[in-house]
Amino acid sequence: MGIVVRNVGKRFGAYTALEDVSIEVPDGSLTALLGPSGSGKSTLLRIVAGLETPDRGSVLIEGRDATNLPPQERGVGFVFQHYAAFKHMTVRDNVGFGLRIRKAPKAQVRTRVDELLGLVQLDGLAERYPSQLSGGQRQRMALARALAVEPRVLLLDEPFGALDARVREELRDWLRRLHEQVHVTTVLVTHDQEEAMEVSSRIVVMNHARVEQVGAPADLYERPASDFVMGFVGKVNRLPGAYIRPHEVRICDPREPGCEAAEVERLLALGFETRVELRRRRDGQRLWAQLAPDELARLGLEPGQEVGIDLARARRIGDEALLAGTAA
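For the structure given in this document, a descriptive report is provided here. (Residues numbered from 1 in each chain as written. Predicted model: local features only at pLDDT ≥ 70, side-chain atom pairs only at ≥ 80, totals over all residues. Heavy atoms only, no water.)

### A short note on the pattern of salt bridges
Next, step 1: By the definition in use, this model includes 33 salt bridges.
Next, step 2: Among the ionic pairs, Arg-100 bridges to Asp-93, the shortest N-O distance being 3.9 Å.
Next, step 3: Asp-93 sits in the partly exposed class, given a relative accessible area of 31%.
Next, step 4: The salt bridge partner of Glu-248 is Arg-315, with a shortest N-O separation of 2.6 Å. Of the two residues, Glu-248 is situated in the loop between strand E12 (242-244) and strand E13 (250-252) and Arg-315 in strand E18 (residues 315-316); the sequence distance between them amounts to 67 residues.
Next, step 5: In this structure Glu-248 comes out as buried when scored by relative accessible area, which is 4%.
Next, step 6: Shared partners join several salt bridges into a network, and the residues in it are Arg-172, Asp-173, Arg-176, Arg-177, Glu-194, Glu-195 and Glu-198. (Salt bridge = Lys/Arg side-chain N within 4 Å of Asp/Glu carboxyl O. Buried < 20%, exposed > 50% of the residue type's maximum accessible area, 1.4 Å probe, protein only. Helix = DSSP H or I, 4+ residues; strand = E, 2+ residues; numbered from the N terminus.)

Printed below as a string of structure tokens:
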């Protein structure tokens, strides 16, 4: 096991940041800590890194008790949201900084830096300064610098949070491919559920200083263990005692068995899909369906149109069983 956190608690004055948190991060995995601001995910990451000390509990890294070890003895690379680059140093010098501090031979430093600059696609920018790079390039430089010392564990604290949506999407894809090459045990902190589901193989969902659920992205999406996980991981329509994902809402003829009357309130085109906002006739509850372009064209929907909705795929929270007629 790469990282084991056991019963960790942490308070800052009267504020509880972590309450009896236990997780296991498999060796070589890319695990996301996902949750809203204030859920404790960044505090947990800093405790693993040795930048904070837990009030109780323990941290093991590759089987070694690291609870009281200083950061430099943990074999951990840490990447912050805001790069923390040395502005007066070139890209090459920034990436090689950790190796020079460790007094590595100059030839070894140069070879390792050249290797990493190629890996993060900055090999033509080695002599530039951070101010001459784009946000995405600076973040790739920060990742290369963290990898230079060959850490056993790589910790990323919302590394793409300060970037625009398009650059974040490109870097998510790049990080996933990079991890397939280097296989270092990686923990990514994020509040973006799409980012967590796209990049990681396992997700730890946190809320109010506790772990709500741990699992593969598909498991959290299909089998949420709590109301919070249901609403935080993926888009959802809430029903009394149950939920249904927008793509599971079937629009049908209201006279068809199993369908009930609803009105189309609005159509919102979102590029590759259309959001159909609906209102149930019998109780006025609003929900929405997600349709592909061909399905939308087949149905010929318009605002104000009366349709039927089939909610047979609704599920109870924490139960994957289908509940036909749950919306009743």
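Read on for the rest.
### Let's talk about the sheet that holds strand E2 (residues 15-25)
By definition, the strands of a sheet pair up through backbone hydrogen bonds, in either a parallel or an antiparallel sense.
Next, step 1: The 4 strands lie next to each other as E2-E1-E4-E5, forming an open sheet whose pairing is antiparallel. In this open sheet, the two strands that pair with only one neighbour each are E2 and strand E5 (64-65).
Next, step 2: With 2 bridges connecting them, strand E4 (residues 56-61) and E5 associate as antiparallel partners. Counted as the bridge partner of Leu-60 is Asp-65 from E5.
Next, step 3: Most of the contacts of helix H1 (residues 41-49) go to strand E1 (residues 3-12), to which it runs at about 115°, and overall it touches E1, E2 and E4. (Pairing = 2+ DSSP bridges. Contact = heavy atoms within 4.5 Å. Axes fitted to C-alpha atoms, helices over the stretch in contact; angles between N-to-C directions.)

### Structural notes on the state of the cysteines
Next, step 1: Inspection of the entire model under this criterion finds 1 disulfide.
Next, step 2: There is a disulfide in this structure between Cys-252 and Cys-259, and the S-S distance comes to 1.9 Å. Measuring the twist about the S-S bond at about -135°, one finds the Cys-252-Cys-259 disulfide to be left-handed. (Disulfide = S-S within 2.5 Å.)

### Remarks on the packing of aromatic side chains
Next, step 1: Taken as a whole and judged by the stated rule, the model has 3 aromatic pairs.
Next, step 2: Taking 4.6 Å as the distance between ring centres and 45° as the angle between the ring planes, the aromatic pair formed by Phe-86 and Phe-97 counts as tilted. In this pair, Phe-86 sits in the loop between strand E6 (76-79) and helix H2 (91-101) while Phe-97 sits in helix H2, placing the two residues 11 residues apart along the sequence.
Next, step 3: On the basis of relative accessible area, Phe-86 is assigned to the partly exposed category, the value being 28%.
Next, step 4: Phe-97 sits in the partly exposed class, given a relative accessible area of 27%. (Phe/Tyr/Trp six-rings, centres within 6.5 Å; stacked < 30°, edge-to-face > 60°.)

### What about the side chain of Glu-277?
Next, step 1: With respect to the helices and strands, Glu-277 occurs in strand E15 (residues 274-280).
Next, step 2: Apart from residues lying up to four places away in sequence, Glu-277 is in contact with Glu-263, Val-264, Glu-265, Arg-266, Leu-287 and Trp-288.

### Some remarks on the sheet that holds strand E16 (residues 286-291)
Next, step 1: The 5 strands are arranged E13-E17-E14-E15-E16 in an open sheet whose pairing can be described as antiparallel. Looking at strand neighbours, the two that pair on one side only are E13 and E16, the edges of this open sheet. Going across the sheet, the axis of each strand differs from the next one's by a mean of 45°, ignoring polarity.
Next, step 2: Of the pairings in the sheet, the one linking E15 to E16 comprises 6 bridges and is antiparallel in character. Its bridge partner being in E16, Arg-275 is matched across the sheet by Gln-290.

### Comments concerning helix H4 (residues 135-148)
Next, step 1: With 14 residues, H4 should cover 20 Å at 1.5 Å per step; its first-to-last C-alpha distance of 20 Å lies within 8% of that length.
Next, step 2: Of all the positions in H4, only Gly-135, Gly-136, Gln-139, Arg-140, Met-141, Ala-142, Leu-143, Ala-144, Arg-145, Ala-146, Leu-147 and Ala-148 are classed as buried.
Next, step 3: Tucked inside the fold, the buried residues of H4 contact E6, H2, helix H3 (106-119), strand E7 (153-157) and helix H5 (165-182). (Expected span 1.5 Å × (residues − 1).)

### As for the side chain of Arg-245
Next, step 1: Locating Arg-245 in the fold gives a position in the loop between E12 and E13.
Next, step 2: Although Arg-245 lies buried, it forms no salt bridge, and the closest oppositely charged side chain, Glu-248, sits 5.8 Å away as judged by the N-O distance.
Next, step 3: Among the polar contacts listed, one links the side chain of Arg-245 to the backbone oxygen of Lys-235, at a separation of 3.0 Å.
Next, step 4: What Arg-245 contacts, discounting residues up to four positions off in sequence, is Leu-220, Tyr-221, Pro-224, Met-230, Val-233, Gly-234, Lys-235, Val-236, Asn-237 and Arg-315. (Lys, Arg positive; Asp, Glu negative; His and termini not counted. Polar contact = N/O pair within 3.5 Å; in protein donor to acceptor, adjacent residues only side chain to side chain.)

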